[in-house]
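# Tertiary structure, described
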Amino acid sequence: MGGKHYLPLTDEDRREMLSAIGVDTIEDLFSDIPREVRLQRELDLPPSLSETEAVKHLSSLAAKNKNLNDNISFMGAGVYDHFIPSVIKHITGRSEFYTSYTPYQAEISQGILQAIFEYQTLICQLTGMDVANASMYDGGTAVAEGAIMGCGATRRSRALVSRSVSPFYRAVLSNYFNSRGLELEEIPLKDGHTDFASLEKMVDESVASVILQTPNFFGLVEEMDGVADVVHKHKAVLVVSADPLSLPLLQSPGDYGADIVVGEGQSLGVPPSFGGPLLGIMAARSRFVRQLPGRIAGETVDSEGNRGYVLTLQTREQHIRREKASSNICSNEALVALAAAVYMASMGPQGMREVSEQCLQKAAYAREKLTALDGFESVFPGYNFKEFAVKVPGSPEDLNSKLLKKNIYGGVDITPFYPELENTMLFAVTEKRTREEIDTLVRELEGWK
Amino acid sequence: MRKAKALLFEMGRSGRRGYSLPDNDVPEKSLDQLLPQKMQRNEPLGMPELSEVEVIRHYTELSTRNFGVDTGFYPLGSCTMKYNPKVNEEVAALPGFAQLHPCQPEETAQGALELYYNMEQCLKELTGMERFTMQPSAGAHGELTGLMVIQAYHRHRGDHHRNKVLVPVTAHGTNPATVTMAGYEVVQVPADERGNVDLEALKEAVDETTSALMLTNPSTLGLFEEEILDMARVVHEAGGLLYYDGANMNAIMGYTRPGDMGFDVVHLNIHKTLSTPHGGGGPGSGPVGVKERLTPYLPVPLVEKKGDQFYFNYDLPESIGKVQSFYGNFGVVVKAYNYLRMMGAEGLKQVSTDAVINSNYLASLLQKHYYIPYDRIRKHEFVVSPKTQAKKGAGAGDIAKALLDRGFHPPTVYFPLIVDEALMTEPNETESKETLDAYARAMEEIARIIDENAEEIASGPHNTVVGRLDEVRAARNPILRWQKE
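Residues numbered from 1 in each chain as written. Chains lettered and ligands numbered in written order. Predicted model: local features only at pLDDT ≥ 70, side-chain atom pairs only at ≥ 80, totals over all residues. Heavy atoms only, no water.

Below, the discussion takes up the overall build of chain B. Scanning chain B from N- to C-terminus turns up 15 helices and twelve strands. Along the first, second and third principal axes, the C-alpha set of chain B runs to 75 × 65 × 45 Å. Looking at chain B as a whole, 69% of its 485 residues qualify as buried. With the model as given, the accessible surface of chain B reaches about 15,900 Å², and the carbon-plus-sulfur share is 46%. Between the centroid of the 49 positive side chains of chain B and the centroid of its 64 negative side chains there is a distance of 4 Å. (Helix = DSSP H or I, 4+ residues; strand = E, 2+ residues; numbered from the N terminus. Buried < 20%, exposed > 50% of the residue type's maximum accessible area, 1.4 Å probe, protein only. Areas by Shrake-Rupley, 256 points an atom, 1.4 Å probe, with all protein chains shown as cover. Lys, Arg positive; Asp, Glu negative; His and termini not counted. Charge placed at Lys NZ, Arg CZ, Asp CG, Glu CD.)

What follows is the structure, encoded as structure tokens:
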């Protein structure tokens, strides 16, 4: 049996322990399970593997995948191929962190509690918000919970979401709203941006939350001037989803009047992992603190007056408040939040700024080069951060298969999400892409149709 | 000597850097040309400037101020803090798994899809369910997904009046919180004197507005619901469905299956039962399995096999939609799959056997010094109730702090709510007899000290890097981020 070395009890241990318990057989310990529900056979699972065999099996599965290390990727749509400093895996690999659980016992959990407190601070600095929580599952669930927070704060049950918000997030959002009996309406697009005139017409006293994303799904920086005023005029809540790696460069959501900032934090030093684990960011103005879902670390003092950290405001949470809790979240993505904090600590203000500027410059270069090709058209006017939409002269699927033969992952086909956009692809260009890689992409597509 | 640790923000020096990036090699344009000034950031980032060695030392020191399963015994009830095999970490970090993009073409991710497919087959057999989704990112997320599926089932049948979900008083807090998240009303069901769900009360509570009963079996008292088949019948006869909270699955693998007990929907906490680490709070993974009549409502996509090819099936018109942006916490599923394959059927059954032996053994040692309610065979956990000790001046919370001083992570405190001064204790199968003996000796010593001088225990902990932290002050005067003075 493969995993025997994880089970320290010997047969002699078991005998001694049964006798201490005062039963004769192991079977006696399971006599409380009614016979009718007992499994009358052994489980039918594949034969157990030794460690060597398991590694071989898993490695062979991994080898069937074409990964981003061996291919040049221009895929984005919420998950990106960014540089990950080597320090991160060494810190998150410290087992005092990764084998611990939620820090209920603060005195022996100061490490993760302080790390979360620092993470919260870093997220607040980036977003311009007052408070942040210890993490949500991912960008999609953070958007959904942010929208629901708005409903709780306003005691209204309707939200507006821009069609420029990631369709992946909107799918989660609409499911959460549908289940809870909340109403959701989509704000139409205008040239790839949220149609501000429609937003202005749609928002009224019945709207709890208005959910926007910038840079939006098409990589476009939304025009946020005046948006908060319109939303706040009707006492609704402005929820903004933002890529944290755009914020060293872009006006902070706090600056343009957002109330709640959510987003996907994968760009902060987290591997793509086929879409999970990711990192849901959740930050807000202090007046929403009682509606915040999930764990929050706070500063306090110990019995000797030393500074220390605890989980706080727990009366919002499920383990205290039960059905009256602000959310049901319990396990979150703490280790991923730690990775993001180590990323930000390593990059510092300069490195963060440099990464986002390189994304901006390289995406602009790629966009210019690609759309100069015959039949490749820029779809939307505006300012792109690290992604842009391009209409291609043929099927995106064919285009990607051609590129794949050259070990290039092309863009993400977004026509399925926006049927009105024919043959449209989203290309992401991070700081990791070199000029040569971008030129290769362009060269491969020259004359393609 | 106790001392606070400096924050990141109190370290470093302007001009220091902890990163290296290649130079930008594309022709540069002026920033204002690419981004109008009004869209640009106005305020400084306010982040520290640190060298790489400062970053490493900071976090290394923080890690020494943290207690994990690798540090010592961690009998946190209902959290199944078992040992996390190292090989799991290694395989999950393979670039062929960690460096996959969720939007890459299916033909380039066949190994990932195959792993999801294989995992689903294993989980189906383990639980007796028909199909699984791996999309939920944690247990509570699985609960929400499960209730959404149940809701979709009732709605699809035109059964719109079922607006209540029954939850036993012993349930984890996530259960009632999930019920609210799904737009349902909670109906609480009391426990009987044996610690089971009160069957008579359940019969009273069930009616045509019942959507489902959520149940953890064995319960948070570590007791198997002996009348489970009657409970299932009562709920099903009223048209309701049964939801299985898999938090305590570690007790019954290979002995019984939720599907055979009559459950219609189940979630597993694979970060508990299937050994993946808890990560200081997450990430977890909470796959949800359902019986056949509920499969049309599962989230999209499901993983299917056609010939020797695997693919994502989005063609599920009755599906609830999505609960996570992509396909769930794949990286966590890889670790759990590796564990499952190493243990096999025999190993998993041994896991549950040893978890139950350890629990009953430790209970038998502790009941010499503490009151343990519900004197019967337990499954993987049990609840100690130091009521007498509390009267002497040191209750569950104080005993927990005394355990910190003795190198143990304490049990879950003050839960379940129906037990006074609860210490919910789950010694899982990866602990040796010697460890349990040492823990019992520590508990005995604590009981003795409380008899002699309760204040010594009530004033603890004494040996930790910080003294007892003032939680009341933290909540009354919340400081939730560092700020420049």
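Another point: the domain arrangement of chain A. Residue and element names in this part refer to chain A. According to the domain assignment, chain A consists of domain 1 (2-63), domain 2 (72-83 + 349-445) and domain 3 (87-342). When each unit is reduced to the centre of its C-alpha atoms, the spacing between domain 2 and domain 3 is 27 Å. Carbon and sulfur atoms supply 67% of the area buried between domain 2 and domain 3, which totals about 2,300 Å² over both sides. Remark: the boundary between domain 2 and domain 3 carries two salt bridges. Across the salt bridge formed by Lys386 and Asp243, the nearest N and O atoms sit 2.6 Å from each other. Viewed at the interface, domain 3 and domain 2 are joined by nine residue pairs in polar contact (both at pLDDT 80 or more). (Domains from an automatic or database assignment. Buried area = accessible area lost by both parts, 1.4 Å probe. Salt bridge = Lys/Arg side-chain N within 4 Å of Asp/Glu carboxyl O. Polar contact = N/O pair within 3.5 Å; in protein donor to acceptor, adjacent residues only side chain to side chain.)

The next point concerns the domain arrangement of chain B. Residues and elements named next belong to chain B. Looking at chain B, the domain boundaries give domain 1 (87-343) and domain 2 (352-472). Computed from C-alpha coordinates alone, the two centres of domain 1 and domain 2 are separated by 31 Å. Residue-level contacts link 27 residues of domain 1 with 20 residues of domain 2. Carbon and sulfur atoms make up 57% of the surface buried where domain 1 meets domain 2, a total of about 1,700 Å² over both sides. It is Thr220, Leu221 and Asn250 that lose the most area in domain 1 upon contact with domain 2, and together they represent 31% of the buried surface on that side. Here domain 1 is connected to domain 2 by one salt bridge. Note that Arg376 and Glu226 form a salt bridge whose closest N and O atoms lie 3.4 Å from each other. One can count twelve residue pairs in polar contact (both at pLDDT 80 or more) joining domain 1 with domain 2. (Contact = heavy atoms within 4.5 Å.)

Another aspect to go through is the environment of B:Tyr243. Residues and elements named next belong to chain B. Summarising the element assignment, Tyr243 is placed in strand E5 (residues 241-246). Judged by its relative accessible area of 0%, Tyr243 falls in the buried class. Along the backbone, Tyr243 and Val290 are 47 residues apart, and their C-alpha atoms lie at a distance of 9.3 Å. Once you skip the residues sitting within four places of it in the chain, Tyr243 turns out to touch Gly142, Glu143, Gly146, Ile150, Leu213, Met214, Leu215, Phe263, Val265 and His267.

Let's shift gears to the side chain of B:Asn217. Residue and element names in this part refer to chain B. Assignment of secondary structure puts Asn217 in the loop between strand E4 (210-216) and helix H9 (228-237). A polar atom in the side chain of Asn217 sits 2.8 Å from the backbone nitrogen of Glu225. Setting aside its immediate chain neighbours within four residues, Asn217 contacts Leu223, Phe224, Glu225, Ile228, Tyr244, Asp245, Ile252 and Met261.

Take unusual backbone geometry next. Of note, the bond from B:Gly282 into B:Pro283 is cis; its omega dihedral lies within 30 degrees of zero at 5°. Structurally, B:Pro283 is set in the loop between strand E6 (265-268) and strand E7 (288-290). We note that A:Arg322 has phi near 50°; this positive angle belongs to a residue other than glycine. Given a relative accessible area of 7%, A:Arg322 falls into the buried group. A positive phi angle is found at A:Asn407, which is not glycine, with a value near 60°. Structurally, A:Asn407 can be placed in the loop between helix H13 (396-404) and strand E15 (408-409). The class for A:Asn407 is partly exposed, based on a relative accessible area of 35%.

Interface size is commonly expressed as the accessible surface area that is lost when the partners come together. With 190 residues of chain A in contact, the opposing surface of chain B contributes 205 residues. Here chain A is connected to chain B by eleven salt bridges. When the shortest N-O distance is used, the salt bridge between A:Arg14 and B:Asp354 registers 2.7 Å. The interface formed by chain A and chain B holds 101 residue pairs in polar contact (both at pLDDT 80 or more) in total. Among the elements that make up the side of chain A that touches chain B, the one with the highest residue count is helix H12 (residues 334-371) of chain A (26 residues). Residue composition of the side of chain A that touches chain B, by class: 95 nonpolar, 54 polar and 41 charged. (Nonpolar A, V, L, I, M, F, W, Y, C, P; charged D, E, K, R; others polar.)

Glancing now at the pattern of salt bridges. Tallied over the full model, the rule gives 51 salt bridges over all chains. For the salt bridge of A:Arg158 with A:Glu185, the shortest nitrogen-to-oxygen distance reads 2.6 Å. Pair noted here: A:Arg158 is in strand E3 (residues 158-162) and A:Glu185 is in strand E4 (residues 183-187), with a separation of 27 residues, a long-range link. A relative accessible area of 11% places A:Arg158 in the buried class. Across the pair A:Glu186 and A:Arg163 runs a salt bridge whose closest N-O atoms are separated by 3.9 Å. Highlighted residues: A:Glu186 in strand E4 and A:Arg163 in the loop between E3 and helix H8 (167-180), separated in sequence by 23 residues. Take A:Glu186: its relative accessible area is 38%, and that puts it in the partly exposed class. The structure contains a network of salt bridges with shared partners spanning A:Arg41, B:Glu125, B:Arg257 and B:Asp260.

Right, let's talk about H13(A) for a bit. Residue and element names in this part refer to chain A. Where H13 is concerned, the buried positions are Pro396, Leu399, Asn400, Leu403 and Leu404. Along the axis of H13, the buried positions cluster into a sector of 135°, meaning they face one direction only. Taken together, the buried residues of H13 touch E15, strand E16 (412-413), strand E17 (424-428) and helix H14 (435-445). (Arc of directions from axis to C-beta.)

In this section: the side chain of B:Gln110. By the element assignment, B:Gln110 lies in helix H5 (residues 110-127). Judged by relative accessible area, which is 10%, B:Gln110 ranks as buried. With residues near it in sequence (within four places) discarded, B:Gln110 still touches A:Lys64, A:Asn65, B:Asp308, B:Gln309 and B:Phe310.

Moving on, we come to the sheet that holds E7(B). Residues and elements named next belong to chain B. What the seven strands build is an open sheet, ordered E1-E7-E6-E5-E4-E2-E3; its pairing is mixed. Each of the sheet's edge strands pairs with one partner strand only, and the pair in question is strand E1 (131-133) and strand E3 (185-189). Here the strands of the sheet are splayed against their neighbours by 25° on average, with no regard to which way each runs. In the packing of H5 onto the sheet, contacts are made with E1 and E6, and the angle to E1 comes to roughly 120°. Across the sheet, H9 touches E4 and E5, and the angle it forms with E5 is around 135°. (Pairing = 2+ DSSP bridges. Axes fitted to C-alpha atoms, helices over the stretch in contact; angles between N-to-C directions.)

Next up on the list: the pairing of strand E7 (residues 209-213) of chain A. Regular strands place side chains that alternate from one sheet face to the opposite one. Residue and element names in this part refer to chain A. The buried count for E7 comes to five of five residues, which makes it a mostly enclosed element. Going residue by residue along E7, you find Ser209, Ile211 and Gln213 tucked away on one face and Val210 and Leu212 tucked away on the opposite face as well. As judged from the three bridges shared by E3 and E7, these two strands associate in the parallel manner. Across the sheet, residue Val161 finds its bridge partner in E7, namely Ile211. In terms of handedness, the path from E7 via helix H10 (residues 227-233) over to strand E8 (residues 237-241) forms a crossover that is right-handed. (Right-handed = clockwise from strand over helix to strand, strands pointing away.)

Right, let's get into the sheet that holds strand E13 (residues 377-378) of chain A. For sheets, the rule is that strands pair by backbone hydrogen bonds, running either parallel or antiparallel. All names here are of chain A. Spatially, E13-E14-E17-E16 is the arrangement adopted by the four strands of the open sheet, whose pairing is antiparallel. The strands lining the two open edges of the sheet, one partner per strand, are E13 and E16. Relative to E17, strand E14 (residues 387-391) runs antiparallel, the two being bridged by five bridges. In the strand pairing of E17, Phe388 is matched with Phe427.

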